[in-house]
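# Chain and residue survey
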Amino acid sequence: MLINKKTERKVTQGKSVQAKITFEYTAPEAKEVSLVGNFNQWNSQANPMKKGKKGMWKVAISLAPGRYEYRFFADGNWENDPSCSGRVANEFGGENCIRIVA
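Turning to the environment of isoleucine 100, a few remarks are in order. Here isoleucine 100 shows up in strand β8 (residues 95–101). Placed 35 residues apart in sequence, isoleucine 100 and proline 65 show a C-alpha to C-alpha distance of 7.5 Å. In contact with isoleucine 100, not counting residues within four places along its chain, are Gly66 and Arg67.

Core analysis: the biggest nonpolar cluster contains 21 residues, and Phe23, Val33, Leu35, Met49, Leu63, Tyr70 and Phe72 have the highest contact counts within it. Of all elements in the fold, only β1 (19–26), β2 (33–37), β4 (56–63), β5 (66–74) and β8 reach the threshold of two or more residues within this core. Setting aside its immediate chain neighbours within four residues, leucine 35 contacts Phe23, Asn40, Asn43, Asn47, Met49, Val59, Ile61, Tyr70, Arg71 and Phe72.

All right, on to the packing of aromatic side chains then. Throughout the structure, instances matching the rule amount to seven aromatic pairs. Here tyrosine 25 and phenylalanine 72 contribute two aromatic rings whose centre-to-centre distance is 4.7 Å and whose plane-to-plane angle is 25°, an arrangement assigned as stacked. A residue pair is termed long-range when its members are at least 10 positions apart, and tyrosine 25 in strand β1 and phenylalanine 72 in strand β5 qualify at 47 residues. A residue is classified by how much of its surface remains accessible, and phenylalanine 72, at 0% relative accessible area, is buried. An aromatic cluster of at least three residues, connected via ring pairs, comprises Phe23, Tyr25, Phe39, Tyr68, Tyr70 and Phe72. The ring of phenylalanine 23 has arginine 99 lying over it, and the distance from NZ or CZ to the ring centre is 4.3 Å.

A few words on the environment of lysine 20. Within the secondary structure, lysine 20 sits in strand β1. Residue lysine 20 is classed as exposed on the basis of its relative accessible area of 61%. Placed 39 residues apart in sequence, lysine 20 and valine 59 show a C-alpha to C-alpha distance of 9.8 Å. Discounting residues that sit within four places of it in the chain, lysine 20 has contacts with Ala60, Ile61 and Ser62.

Once that is clear, we can look at the pattern of salt bridges. Summed over all chains, the structure comprises three salt bridges. Among the ionic pairs, glutamate 69 bridges to arginine 67, the shortest N-O distance being 3.4 Å. According to the relative accessible area criterion, arginine 67 is partly exposed, its value standing at 45%. The closest approach of N and O atoms between arginine 87 and glutamate 95, which form a salt bridge, is 3.6 Å. Residue class for arginine 87 comes out partly exposed when judged on its relative accessible area of 33%. Look at glutamate 95 and you get partly exposed, because its relative accessible area is 37%.

On to unusual backbone geometry, then. Even without being glycine, glutamine 41 reaches a positive phi, approximately 55°. Here glutamine 41 is to be found in the loop between β2 and β3 (50–51). Even without glycine at this site, aspartate 75 takes up a positive phi of about 50°. You can see aspartate 75 is positioned in the loop between β5 and β6 (77–79).

What counts as what
Residues numbered from 1 in each chain as written. Predicted model: local features only at pLDDT ≥ 70, side-chain atom pairs only at ≥ 80, totals over all residues. Heavy atoms only, no water. Helix = DSSP H or I, 4+ residues; strand = E, 2+ residues; numbered from the N terminus. Contact = heavy atoms within 4.5 Å. Core = buried A, V, L, I, M, F, W, Y, C linked by side-chain atoms within 4.5 Å. Buried < 20%, exposed > 50% of the residue type's maximum accessible area, 1.4 Å probe, protein only. Phe/Tyr/Trp six-rings, centres within 6.5 Å; stacked < 30°, edge-to-face > 60°. Lys NZ or Arg CZ within 6 Å of the ring centre and 35° of its normal. Salt bridge = Lys/Arg side-chain N within 4 Å of Asp/Glu carboxyl O.

Written out as structure tokens, the structure reads:
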């Protein structure tokens, strides 16, 4: 099996391939929406979303394969992703959404 130097370097350094993952949230009346999760240490300033047509907020971030917990932070309120069926209880009595990146 032939491995080029770039591939060999990734394998030997233990780096995983990241994928661009898009998150969307519909909130036509919202002024600010952020994507917040364990991938950004729950920092509400780390991944602001951009408002598009018809109030659809979007952001694309690079994630390595794995299981991630997240929520949206819209105008100071924690919101779940209505399109996400996978949820887990959080320590505040609510739920976090789950996104699996293959």
